[in-house]
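What follows is each chain in one-letter form.
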Protein chains: 2
Amino acid sequence: MTRTTNPTMTIPTYADVLIAHERIKPYIHKTPVLTSRFLNELTGAELFFKCENLQKAAAFKVRGACNAVFGLSEEKAKIGVATHSSGNHALSLSYAAGQRGIAATVVMPRTAPQAKKDAVIGYGGTIVECEPSTSSREAVFEQVVAKSGADFVHPYNDPRVIAGQATCSKELIDQVDNLDIVIAPIGGGGMISGTCLTLSTIAPDVKIYAAEPLNADDAARSFRAGYIIADDAPNTVADGLKVPLKDLTWHFVKNHVTDILTATEDEIVAAMKLVWLRMKLVIEPSSAVTLATILKNPELFKGKRVGIIITGGNVDLDKLPWMNN
Amino acid sequence: MTRTTNPTMTIPTYADVLIAHERIKPYIHKTPVLTSRFLNELTGAELFFKCENLQKAAAFKVRGACNAVFGLSEEKAKIGVATHSSGNHALSLSYAAGQRGIAATVVMPRTAPQAKKDAVIGYGGTIVECEPSTSSREAVFEQVVAKSGADFVHPYNDPRVIAGQATCSKELIDQVDNLDIVIAPIGGGGMISGTCLTLSTIAPDVKIYAAEPLNADDAARSFRAGYIIADDAPNTVADGLKVPLKDLTWHFVKNHVTDILTATEDEIVAAMKLVWLRMKLVIEPSSAVTLATILKNPELFKGKRVGIIITGGNVDLDKLPWMNN
């Protein structure tokens, strides 16, 4: 575990979110909000699914990536961008860089789903592989940046990225009236931080919950402890949620999140399959943790209007977690 | 093969479509139209996917079923409705009957996907099983109706059903400007007939293509022969498209369809997987036949604005056709 403080960090404001939204609009979808009577009856809540699986590159992460890439000066853009990522940020940065016509290098764990690797390459990005641990990822990445001088777009601990992700809940508030709660998955905390930034400004009465795999519950433990606890290489089917909080995302989590709920691997897979079956949406395991925690804690959500951020849809269709192969 | 003529059949008009749309609006979704830059680039066309997989009961068939059920007199409604169906009409009629609070009995092949059987029961319908052939289905059904006196809502050869299905392309024309082509799968021809009815009235310049599995190409052969050819129990992964044309749907097909294109089983499965992978939508094999035929006949669609009816999303998630199990 690590105690992290950084007195010099730049905290994005809602003005940054407004600028981000104008900047990225040509490159992103305003994703639809879908509902399911079946899931409403099952949970006793009114659920509004903000479908970032239908986003460009099939993940909310294009919002932050586009904000970073299109905010670069011409001079900096020419050198290109680089990142490390468990997957969706990798392909989102590749997409954003491709849209601007600049180079993107991404360090990815060799165990990342093949579909995500294929998508990075499809968008024109270059992959450098590392071992599936935070320490290996950071070490390999340092070498990449030292060599190229590329602008580092961190997957979440970057004010440009958080301001970009914050446009998602800005749209949601525009699309659905009178929400009581918004819940989103938490890994490094980029989406949750963006959600906190937007809601604390334009809808301060809305409660914010974060949902996390029990197998990678470092954020929940951090929340209870009052300081960042980081695990190296947790093992969960929700491969987008393995990374730890960092100082910038911790700032938002500790100040604005009501609680962090957890779900087991079986609960996550069951919730994922339920969304595929009843909503006809391909969502990735990381996106199912929210519904899994709602099903597990019905008393918190019953009778409430709940926005659920479906964060992405990148799944290896040949290796579905409910199949034994 | 059979030659069918029926001088007394009732052909629905566009006035019936307008009445149907008002009648069924409280019970259906106006489904979204989604696009994919990847698939546009792959085909050289502009594709607009009308997503009836996101419809109630995950199939366009609720449109026709609701129109039939909610058009019944109080007296007739009390006796209930019955049908035979390869799946989606079965669960759609169960949904519609459930919404009105009346009984629905459905004759289904014992080989129908378990997910569809479960959904019928979930909506409150009663299943009577038959063998997977048209002849067995019709024989078992006659017994059911003789016993109950229920109103027979044919899955497609019924003017109420065709007028209901016609509301789908009415919405599509409202959602997308300047379409050149609309393409839909063809089994018994209910969706295609509804499409013909609407487009020939409000958008007569739009060409209508039908897409069919090569393994169940009775409609394509009928189209070339000039009379209905019916196969008993064809075998295809597109389980919604096994049934033959009947006199009412043949009327629309022969008068308004530009051509009927076919695709092999492998082409259908590949197109289905492509939509899951790139659009993050769960669509059933029957819904993938359209894209399969577009990929096979690019010269017909290149440079065109093409509406594609995604007819349904009911799939057994434990038995995906690209997996060997």
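Residues numbered from 1 in each chain as written. Chains lettered and ligands numbered in written order. Predicted model: local features only at pLDDT ≥ 70, side-chain atom pairs only at ≥ 80, totals over all residues. Heavy atoms only, no water.

## With respect to unusual backbone geometry
Residues apart from glycine generally show negative phi values, whereas peptide bonds are mostly found in trans. Residue and element names in this part refer to chain A. In this model, Ala58 sits at a positive phi of 60°, which is unusual for a non-glycine residue. Inspection of the secondary structure puts Ala58 in the loop between strand S2 (46-51) and helix H3 (61-70). You can call Ala58 buried: its relative accessible area is 7%. The backbone of Asn178 shows a phi angle near 55°, a positive value even though the residue is not glycine. Structurally, Asn178 is set in the loop between helix H8 (159-175) and strand S7 (181-185). (Helix = DSSP H or I, 4+ residues; strand = E, 2+ residues; numbered from the N terminus. Buried < 20%, exposed > 50% of the residue type's maximum accessible area, 1.4 Å probe, protein only.)

## So, the interface of chain B and chain A
Across the boundary between the two partners, chain B contributes 27 residues, which contact 27 residues of chain A. Overall, the association of chain B and chain A removes approximately 2200 Å² of surface from exposure, summing both partners, and the carbon and sulfur fraction of that is 58%. On the chain B side of the interface with chain A, the three residues burying the most area are Arg37, Lys280 and Leu317 of chain B, jointly 31% of the side's total. The interface formed by chain B and chain A includes two salt bridges. In this structure, Asp318 of chain B engages Lys273 of chain A in a salt bridge whose closest nitrogen and oxygen atoms are separated by 2.8 Å. (Contact = heavy atoms within 4.5 Å. Buried area = accessible area lost by both parts, 1.4 Å probe. Salt bridge = Lys/Arg side-chain N within 4 Å of Asp/Glu carboxyl O.)

## Topic: the domain arrangement of chain A
Residue and element names in this part refer to chain A. The domains assigned to chain A are domain 1 (14-59 + 165-310) and domain 2 (62-152). Between domain 1 and domain 2, the contact holds 27 residues from the first and 22 residues from the second. In this assembly, domain 1 packs against domain 2 so that about 1900 Å² is buried in total across both faces, 50% of it on carbon and sulfur atoms. Taken together, domain 1 and domain 2 are joined by three salt bridges. Glu52 is the partner of Arg63 in a salt bridge, and the nearest nitrogen-oxygen pair spans 2.7 Å. On inspection of domain 1 and its partner domain 2, the count reaches nine residue pairs in polar contact (both at pLDDT 80 or more). Only helix H1 (14-24) and H8 provide two or more residues apiece to the side of domain 1 that touches domain 2. Looking at the side of domain 1 that touches domain 2 residue by residue, the class counts come to ten nonpolar, seven polar and ten charged. (Domains from an automatic or database assignment. Polar contact = N/O pair within 3.5 Å; in protein donor to acceptor, adjacent residues only side chain to side chain. Nonpolar A, V, L, I, M, F, W, Y, C, P; charged D, E, K, R; others polar.)

## Considering the nonpolar core
Trp276 and Leu281 of chain A together with Trp276 and Leu281 of chain B are the most contacted members of the largest nonpolar core, which totals 80 residues. Leaving out residues up to four positions away in the same chain, Trp276 of chain A has contacts with Leu281, Val282, Ile283, Val315, Leu317, Leu320 and Trp322 of chain A together with Trp276, Val282 and Leu317 of chain B. (Core = buried A, V, L, I, M, F, W, Y, C linked by side-chain atoms within 4.5 Å.)

## Overview of the sheet that holds strand S6 (residues 151-152) of chain B
All names here are of chain B. Reading across the sheet, the four strands line up as S5-S4-S3-S6 and stay open at both edges, with parallel pairing between neighbours. Of all strands in the sheet, those bounded by a partner on one side alone are strand S5 (126-130) and S6. Bridge count for strand S4 (residues 104-109) against S5 is five bridges, and the pairing is parallel. Opposite Pro109, over in S5, you have Cys130 as the bridge partner. (Pairing = 2+ DSSP bridges.)

## A short note on the sheet that holds strand S3 (residues 81-84) of chain A
The strand order S5-S4-S3-S6 (chain A) describes an open sheet built from four strands, whose pairing is parallel. With partners counted over all chains shown, the strands left at the sheet margins are strand S5 (126-130) and strand S6 (151-152) of chain A, one partner each.

## Side note on the relation of the copies chain B and chain A
Structural alignment of chain B on chain A gives an RMSD of 0.0 Å, achieved by rotating through 180° and translating 0.0 Å along the axis. As the rotation angle and translation indicate, the two copies are arranged about a two-fold axis. The C-alpha atom lying nearest the rotation axis in chain B is that of Leu281 of chain B; the distance is 2.5 Å. Interface overlap between copies: 100% of the residues of chain B at the interface are likewise at the interface in chain A, consistent with a symmetric, same-surface contact. (Least-squares fit on C-alpha atoms with pLDDT ≥ 70 in both.)

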